[in-house]
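Structure assessment
Read off the chains here:
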Amino acid sequence: MTGSRIDNLNIAVLLPCYNEASTIGAVVRGFKSALPGAPIHVYDNNSTDGTALHAMLAGAHVVRERRQGKGHVVRRMFADIDADIYIMADGDGTYSPDDAEELIRTLLTERADMVVGTRRGVHSDAGRQGHAFGNKIFNMLYRTIFGTDFTDIFSGYRVFSRRFVKSFPAVSGGFEIETEMSVHASRLKLPVSELELDYGRRPEGSHSKLSTFKDGAKILWMFAMLMKETRPFVFFGIISAIFMSASLGFMTPVLFEYFETGLVSRMPTWVLSMALIMVSFMMFTAGVILDSVSRARAEQLRIHYMSLMAPRPREQTPLLADDLDDYHQLSAKISTR
């Protein structure tokens, strides 16, 4: 696949879109101007407002993804497109195409596999106040559970290396795909970087597709599932502690009665407490076993990641002694003519 070459690398621009007819044309033209010759791929996710037509008229390659959800679109894009460097942005015009070159330069100079364009001022212009509050809470929750690699896990402006894209499983289906990307990088301890960028306002007629409570619940569920998959000992340890606490709560008055009278009058309560403590032990054991399984899966993913070539700026090959002799002889011949 041909494309713009920075340091002799093929670059592809990926734009997942859903009903962005009012902005997608300007976004495509912006990336064509910022990265001349780079192919612009717009993946239309069942838009009903002519998004695909506007993107095509602006010069983008348009593909339709029928499964609804950004996660499905990103999975399709990563599978279809082959490049050395991938730039992913939203089609709503809130990210500036002029920042793409700086993101690529950061990826190459820091030898990272993903650079996230963190959004400057996102809390003051995130649509509704619920979005800004949820963005802050989820970022804090992410840093508590998965690590401190990222400060803006929901940014849609990212640059990836080929080995990140081709080793990323992409199992989520909606807006929680950005969270999955961040967890994937943190889990494999991949080199990542962040670059603070201005976050624009949506133009007139463009509306956010996010639902504060519905998408917030999906992201929270994704956090739980990713924690179960990547940190099972902690996940099942918490469940085990909950069952253990409930068991002790039911067990304590029965034990007090037994030590005072030598009798157990509330046998059903005692049986329930024993059942809960057995469940607690089972959850703890499951966490220990699955933690080993998770480590083995992470090692396999890491091995596959390491088998892929990393993008590197091509360095100029130094001249050998024989090459220098040939060069001096040729220069002498030219000067005597």
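For every chain, the first residue of the written sequence is number 1, and numbering continues from 1 onward in sequence order. Per-residue local features of the predicted model are confined to residues with pLDDT of at least 70, and side-chain atom pairs are confined, for both listing and counting, to 80 or more; whole-chain, interface and lining totals are unaffected and use all residues. For side-chain calculations, the full set of non-hydrogen atoms in the structure is used, while hydrogens and water are omitted.

If a probe as big as a water molecule is rolled over the atoms, it shows which places are left empty. As a volume, the second largest pocket reaches approximately 500 Å³. If you trace the second largest pocket, you find 18 residues lining it, with Arg187, Lys189, Thr230, Arg295 and Ala298 closest to the centre. Helix and strand labels come from DSSP, where a helix needs a run of H or I of at least four residues and a strand needs a run of E of at least two; each type is numbered from the N terminus. By residue number, the principal contributor to the lining of the second largest pocket is helix 10 (residues 267-306), which donates six residues. Grouping the constituent residues of the lining of the second largest pocket by class yields eight nonpolar, three polar and seven charged. Buried and open spaces are told apart on a 1 Å grid over the protein atoms alone, a cavity being a set of points where a 1.4 Å probe fits but cannot get out and a pocket being an open set with protein on both sides within 12 Å along at least five of seven lines. Residues with an atom within 4 Å of a point are the lining residues. Grid points are joined across faces, edges and corners, and a volume is the space filled by probe spheres set on the points. By the convention adopted, Pro, Cys, Tyr, Trp, Phe, Met, Ile, Leu, Val and Ala count as nonpolar, Lys, Arg, Asp and Glu as charged, and the other residues, Gly among them, as polar.

Within the element layout of this structure, Glu65 appears in the loop between strand 4 (61-64) and helix 3 (70-80). Each residue's exposure class comes from its accessible area (1.4 Å probe, protein chains only) as a fraction of the maximum for that residue type: buried when under 20%, exposed when over 50%, partly exposed otherwise. Here Glu65 falls in the buried class, since its relative accessible area comes to 4%.

Attention shifts here to the pairing of strand 5 (residues 85-88). A two-sided burial pattern is seen for strand 5, the buried positions comprising Ile85 and Ile87 on one face and Tyr86 and Met88 on the other. Strand pairing is assigned whenever DSSP detects at least two bridges linking the two strands. Pairing of strand 2 (residues 10-17) with strand 5, which is carried by four bridges, proceeds in the parallel orientation. What sits directly across from Val13, in strand 5, is Ile87.

This next bit is on the pattern of salt bridges. For this analysis, a salt bridge means a side-chain nitrogen from Lys or Arg found within 4 Å of a carboxyl oxygen belonging to Asp or Glu. Taken as a whole, this structure holds 13 salt bridges when the rule is applied. Here Lys228 ties to Glu229 by a salt bridge, and the two come within 2.6 Å at their closest N and O atoms. What makes Lys228 partly exposed here is its relative accessible area of 26%. With relative accessibility at 29%, the residue Glu229 sits in the partly exposed group. Among the ionic pairs, Arg295 bridges to Asp291, the shortest N-O distance being 3.2 Å. Of this pair, Arg295 and Asp291 both sit in helix 10, four residues apart, which is roughly one turn of that helix. Arg295 gets classed as exposed once you look at its relative accessible area, which sits at 54%. Because the salt bridges share partners, they merge into one network encompassing Glu65, Arg67, Arg76 and Asp80.

All we've got here are geometric facts, nothing functional implied.
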